[in-house]
Amino acid sequence: MANKICLALIRKSDEWVGACSSSQWFGQDDGGKAESLFNQWSNAEAAKFEKEYIPEAGADVVGGGATTVVVSLIVEILGDSTKFEGAGYSLTGT
């Protein structure tokens, strides 16, 4: 699912207003710390908004005019081969 979301965002990168990224690397024995930071970042993002809108299955959703959307992705990756240097700072560096 994260792959589909990221791909959709990259395909529309000319419509972005801004972007920001953060990363943290943890060793194999630091699973608890990684999970704690993941939860902390998730809660911090959720706290920025008054409400969350997710239409119910089968609901009639009527399209409106143009709008600005805020997308927050919090991803926890298992493994140590991912290279984060420069990720998120430019499209070519990601």
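Use the structure listed above.
How each quantity is defined
- Residues numbered from 1 in each chain as written.
- Predicted model: local features only at pLDDT ≥ 70, side-chain atom pairs only at ≥ 80, totals over all residues.
- Heavy atoms only, no water.
- Helix = DSSP H or I, 4+ residues; strand = E, 2+ residues; numbered from the N terminus.
- Buried < 20%, exposed > 50% of the residue type's maximum accessible area, 1.4 Å probe, protein only.
- Contact = heavy atoms within 4.5 Å.
- Areas by Shrake-Rupley, 256 points an atom, 1.4 Å probe, with all protein chains shown as cover.
- Salt bridge = Lys/Arg side-chain N within 4 Å of Asp/Glu carboxyl O.

1. Considering the overall build of the protein chain
- If you tally the helices and strands in the protein chain, you get two helices and zero strands.
- Here the protein chain holds 94 residues, and the buried ones make up 3% of them.
- Partitioning the contacts of the protein chain with sequence separation of at least 6, the portion at a separation of at least 24 is 49%.
- Surface accessibility of the protein chain: about 8800 Å² in total, with carbon and sulfur atoms responsible for 54%.

2. Observations regarding the pattern of salt bridges
- Counting across every chain of the model gives two salt bridges.
- Glu45 is paired through a salt bridge with Lys48; the nearest N and O atoms lie 2.8 Å apart.

3. Comments concerning the environment of Leu37
- Structurally, Leu37 is set in helix α2 (residues 31–46).
- C-alpha separation for the pair Leu37 and Gln24, spaced 13 residues apart in sequence, amounts to 8.7 Å.
- If near-sequence neighbours (up to four positions away) are discounted, Leu37 is found in contact with Gln24 and Phe26.

4. Some points on the environment of Ile74
- Within the element layout of this structure, Ile74 appears in the segment after α2.
- We classify Ile74 as partly exposed; its relative accessible area is 28%.
- Remark: the alpha-carbon pair of Ile74 and Ser42, spanning 32 residues in sequence, is separated by 6.5 Å.
- Setting aside chain neighbours within four positions, we find Ile74 in contact with Phe38, Trp41, Ser42 and Glu45.

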